[in-house]
Amino acid sequence: MATPHQSNPIWLLILFCCYYFILSEKVEVVEATRRNFFNPQSSDSTIVSSVYRTSYHFQPPHNWINDPNGPMYYKGIYHLFYQYNPKAAVWGNITWGHSVSTDMINWIPLDIALNPTKPFDIDGCWSGSATILPSLNKPVILYTGSNQEKHQAQNIAFPKNLSDPYLIEWIKPDEYNPVMSATGDINPAQFRDPTTGWMGSDGYWRVALGAEIGGVGMALLYKSKDFVRWERADKPLHSPRGSGMWECPDFYPVALEGKRGMETSLNSEDVKHVLKMSLGETHSDHYLLGRYDEEKDMFIQDNEEKEKNYRFWRRYDYGNFYASKSFFDAGKERRILWGWSNESDSKPDDIAKGWAGIQTIPRMVWLDENGKQLVQWPIKELESLRRKRVHFHDIELKAGGLLNIKGVKASQMDVDVEFELPSLEKAGPFDSLLALDPQVLCEKGNFSTQSGIGPFGLLVMTSLNKDELTAIYFKIFEAYDRHVVLMCSDQRRSSLRPELYLPVYGGFVDIDIEKERRISLRTLVDHSVVESFGGEGRTCMTARVYPAFLVTSKAYLHAFNNGSETIRILHLNAWNMAKPSINVAQDQFLI
Ligand code: DQQ
């Protein structure tokens, strides 16, 4: 739809200049609103209950977990390792927990794979990755060890017995370790988290890892002929300016067309490369798209000018999702992404609960048709947990409309809804001052603040009288040249416990809403997790919620429209979700 000012070229020029003036002026505004926190959590709270424990998300029976490590598919079995404190529900004594699965939904727990036993990892076996060496069909782990001086170095570990289908025992050979040490200008306290290896056409293996040099975060590159002796390359794989330490980098190709995943070493005209980094200062995972220039041995991002500023970098997930890692699932030719979601209640709560941290549902990841962003979707296997379904279609939601969705267990469900927008005429004006900070845009209103188109979406984990609820919704704005779709996950009313950390998350959904006129929202609710996928997985948000009512009462689900324009629910499906077997000790084996 052309607005009046779009048809007049002079107006267009004036607006264009204003927009760029505003954009260049606004950096300070955004800077001032940026949050600096690590593991955002409440400082104190009082209620502790088993109702917050998740049913179908990955976690061990007890204690603390953080980053997913070395996920891989080997001889028909999925392996997931994870940062694990076997002694307490707080970070510390870090080891590699280990579980195996044939569907990534049901998991069997195994013995700890890597314990801090050697001088090179005595202070902890930190994050790393697995690589399957094709010539030997043998998996190898590279991980970070922290030593007594708290200096970090990279180490190698091999399976003790390759004929054990579960690869339970791992050895860390003294003759090789550490295989990469912080030399020269590298800060030894910020040197960690090696990626999966990839091989160049020269026959050399490469890995990237996170490092800080002169206060600047970057992905360093190391090369090796035999995967055991490594040398630092002359130049980093990538080092833009302006961000702190890069934790847990990930580097992989995605197909330009289609959803098929690619083996990590693949590089051709038909792929783009993804470089992901986890920024400790904001506790957020960002990615860049570009190409891997083998001759320069560097990652060259698309749109170099714009991508210099990390506030432009896209995020996998605009909520509580960190230190993610992907792997190529050769069995189903897809790339799978795991991410850690930390508790946002308090440390004392975690200690009292006896557990802290989950992994989000594994997501398939591929390049969007527009080539500008990734798309993520829960793996198909999750649908095997779907049970009783509630279904609606073709429902009009007038301004202020609320649809109570009865008959579903709303604290353990999968809900998928598609909204149709008959008209965009009443879309409110876009505040371009906040073009870089959708989270602030979400904070400015709430799910009941009426604007033109929207807010409309879902109210999940809702108490009977609605004094506690989590709202996930969209709003459509009109910018100078297009319509902008904002997605929010608002936890401010998720709990009546005032001491809790109750954030609002926000992100833009990059779809052509004028053309599509419809937008989908899928939300996975699992007790204390609300994991949402907007615009068919183009914008994702994971939230942790601890409503007080859940201790004594059941949860409700609603769809709502608080915009001033009628919208339509084309279809809505909500399923009860079964509880899989996750890390329950058992005698049964996979094969
Ligand atoms: N967690 C690990 C580190 C990594 C950080 C330590 C990211 O290797 O940088 O538990 O959450």
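Use the structure listed above.
What you are looking at is a predicted structure, and each value in this text was computed from that prediction instead of being measured. (Residues numbered from 1 in each chain as written. Predicted model: local features only at pLDDT ≥ 70, side-chain atom pairs only at ≥ 80, totals over all residues. Heavy atoms only, no water.)

**Digging into the site of the ligand**
Around the ligand, a shell composed of N66, D67, Q83, W91, W126, S127, R192, D193, E247, Y322, A323 and W340 is seen. One of the side-chain N or O atoms of N66 is found 3.1 Å from an oxygen atom in the ligand. Measuring from an oxygen atom of the ligand, one finds a side-chain N or O atom of R192 at 2.7 Å. Summarising the interface, the protein chains cover 95% of the accessible area of the ligand, which totals 310 Å² for the free molecule. For the shell around the ligand, the secondary structure elements donating two or more residues are β1 (63-74), β5 (125-133) and β20 (322-329). Of the residues assigned to the shell around the ligand, the class counts are 5 nonpolar, 3 polar and 4 charged. (Near = heavy atom within 4 Å. Polar contact = N/O pair within 3.5 Å; in protein donor to acceptor, adjacent residues only side chain to side chain. Areas by Shrake-Rupley, 256 points an atom, 1.4 Å probe, with all protein chains shown as cover. Helix = DSSP H or I, 4+ residues; strand = E, 2+ residues; numbered from the N terminus. Nonpolar A, V, L, I, M, F, W, Y, C, P; charged D, E, K, R; others polar.)

**Topic: the state of the cysteines**
The final tally for this structure, using the stated rule, is 1 disulfide. Each sulfur in the disulfide pair C442 and C488 lies 2.1 Å from the other. The disulfide joining C442 to C488 has a torsion of about -85 degrees about its S-S bond and is therefore left-handed. Taken together, the residues span a long stretch of sequence, with C442 in helix α6 (residues 438-444) and C488 in strand β32 (residues 483-490) at a distance of 46 residues. You can call C442 buried: its relative accessible area is 1%. (Disulfide = S-S within 2.5 Å. Buried < 20%, exposed > 50% of the residue type's maximum accessible area, 1.4 Å probe, protein only.)

**A word on the packing of aromatic side chains**
Aromatic rings in a pair are described by how distant their centres are and how their planes are angled relative to each other. Scanning the entire structure with this criterion turns up 32 aromatic pairs. When the centroid spacing of 5.9 Å and the interplanar angle of 65 degrees are considered together, the rings of W377 and F533 count as edge-to-face. With W377 in strand β25 (residues 374-378) and F533 in strand β35 (residues 529-534), this residue pair connects regions lying 156 residues apart in the sequence. Measuring from ring centre to ring centre gives 5.6 Å for F447 and F560, while their planes differ by 85 degrees; the resulting arrangement is edge-to-face. Here the residue F447 occupies a position in the loop between α6 and β30 (453-462), and F560 occupies one in strand β37 (residues 556-561), the gap between them amounting to 113 residues. Residue class for F560 comes out buried when judged on its relative accessible area of 1%. The rings of F58, Y82, Y84, W107 and W338 are connected pair by pair, giving a single aromatic cluster. One Lys or Arg, K225, reaches over the ring of Y204 and ends 4.9 Å from the middle of that ring. (Phe/Tyr/Trp six-rings, centres within 6.5 Å; stacked < 30°, edge-to-face > 60°. Lys NZ or Arg CZ within 6 Å of the ring centre and 35° of its normal.)

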